[in-house]
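Remarks on the overall topology
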Amino acid sequence: MPRLDKITRCCQEKRVLDIGCYGDRTSYGHPLWLHGHISDVASDVVGIDINEAGVNELQKNGFDVHHEDAEDFDLEQTFEVVIAAEVIEHLTNPSGFLNSVEDHLTEEGVLVITTPNLHSLFTLGAYLSPFYSEEEHSIGFTPSILKNLLTRCGWAIDSLELVTHEDIPRLGNKIANTLVPRRLNFTIFCVARPDDGS
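Source: prediction; values computed, not measured.

**Some remarks on the nonpolar core**
In this structure, Leu-17, Ile-19, Phe-97, Val-101 and Leu-111 are the most contacted members of the largest nonpolar core, which totals 28 residues. Elements represented by at least two residues in this core include exactly strand 1 (15-19), strand 2 (44-49), strand 4 (79-85), helix 4 (94-103), strand 5 (105-116), helix 6 (143-152), strand 6 (155-163) and strand 7 (187-194). Phe-97 has contacts with Ile-19, Ala-70, Glu-71, Ala-84, Ile-88, Leu-91 and Leu-111, leaving out every residue within four places of it along the chain.

Structure, rendered in structure tokens:
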């Protein structure tokens, strides 16, 4: 199941915080814009983004979004689900991010993280390209690196898997699911919650 479908399933009838809500390649108006899909299924959704111009555009179009830094934010609200899709790889202070998220979760709330898999065929192929440039990411993740980061920061993992990405055409996803070992899929999908020690 592609990343977008899995994320929206987690948001069904929930109060959701979407971190990095403006997006990049698939921003407002694009048919794959994640925040729009979340808004369609959540009972309530709030967004934050570091892109001030993007936030202003969304506010003008009626979205409840705020210009905030994902590594240190305080909305004085709590949420049943916090989504951080393709965000964590851009951060320089992931523990600050996790602390801020924890402050915004309800008692039973969960954090959903998606991030590119460093071991995916797409990433390995990109590294071999003479045109490849990695200027936006601060850190890269494999499932084990993400698991280690979360557990060291006091989080318990509900699920951790590799999934396909909706940016890849449907036929490409079918081929990937049939021919490519799952460990080489493009996107890491993780659901975690603060570890209460029980």
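Moving on from the coordinates now.
**A look at the pairing of strand 4**
Across the seven residues that make up strand 4, a large majority, six, are buried. Taken together, the four bridges between strand 1 and strand 4 define a ladder with parallel strand orientation. Within strand 4, the residue paired with Leu-17 across the bridge is Val-82. Sheet topology places strand 4 next to strand 5; six bridges connect them, and they run parallel. In the strand pairing of strand 5, Ala-85 is matched with Thr-114. For the segment spanning strand 4, helix 4 and strand 5, crossover handedness is right-handed.

**Observations regarding unusual backbone geometry**
For Glu-13, which is not glycine, the phi torsion reads 55° and is therefore positive. With respect to the element layout, Glu-13 can be found in the loop between helix 1 (3-11) and strand 1. Even without being glycine, Glu-76 reaches a positive phi, approximately 55°. Looking at the secondary structure, you find Glu-76 in the loop between strand 3 (65-67) and strand 4.

**What about the packing of helix 1 against helix 2 (residues 34-41)?**
Running from amino to carboxyl end, helix 1 crosses helix 2 at an angle of 35°, the nearest separation of the two axes being 9 Å. Along this stretch, helix 1 crosses helix 2, giving a crossing that reads as right-handed. Residue-level contacts link Arg-3, Leu-4, Ile-7, Thr-8 and Cys-11 of helix 1 to Leu-34, His-37, Ile-38 and Val-41 of helix 2. Of the residues belonging to the contact of helix 1 with helix 2, the class tally is six nonpolar, two polar and one charged.

**Re the sheet that holds strand 5**
With mixed pairing, the seven strands of this open sheet are ordered in space as 3-2-1-4-5-7-6. The two strands at the open ends of the sheet, each matched to only one other strand, are strand 3 and strand 6. For this sheet, the mean angle separating the axes of adjacent strands, direction not counted, is 20°. Sitting on the sheet, helix 3 (residues 52-60) touches strand 2 and strand 3, and the angle it makes with strand 3 is about 155°. Sitting on the sheet, helix 6 is in contact with strand 5, strand 6 and strand 7, with an inclination near 165° to strand 6.

What counts, and where the lines are drawn
- Residues numbered from 1 in each chain as written.
- Predicted model: local features only at pLDDT ≥ 70, side-chain atom pairs only at ≥ 80, totals over all residues.
- Heavy atoms only, no water.
- Core = buried A, V, L, I, M, F, W, Y, C linked by side-chain atoms within 4.5 Å.
- Buried < 20%, exposed > 50% of the residue type's maximum accessible area, 1.4 Å probe, protein only.
- Helix = DSSP H or I, 4+ residues; strand = E, 2+ residues; numbered from the N terminus.
- Contact = heavy atoms within 4.5 Å.
- Pairing = 2+ DSSP bridges.
- Right-handed = clockwise from strand over helix to strand, strands pointing away.
- Axes fitted to C-alpha atoms, helices over the stretch in contact; angles between N-to-C directions.
- Left-handed = near helix turned anticlockwise from the far one by under 90°.
- Nonpolar A, V, L, I, M, F, W, Y, C, P; charged D, E, K, R; others polar.

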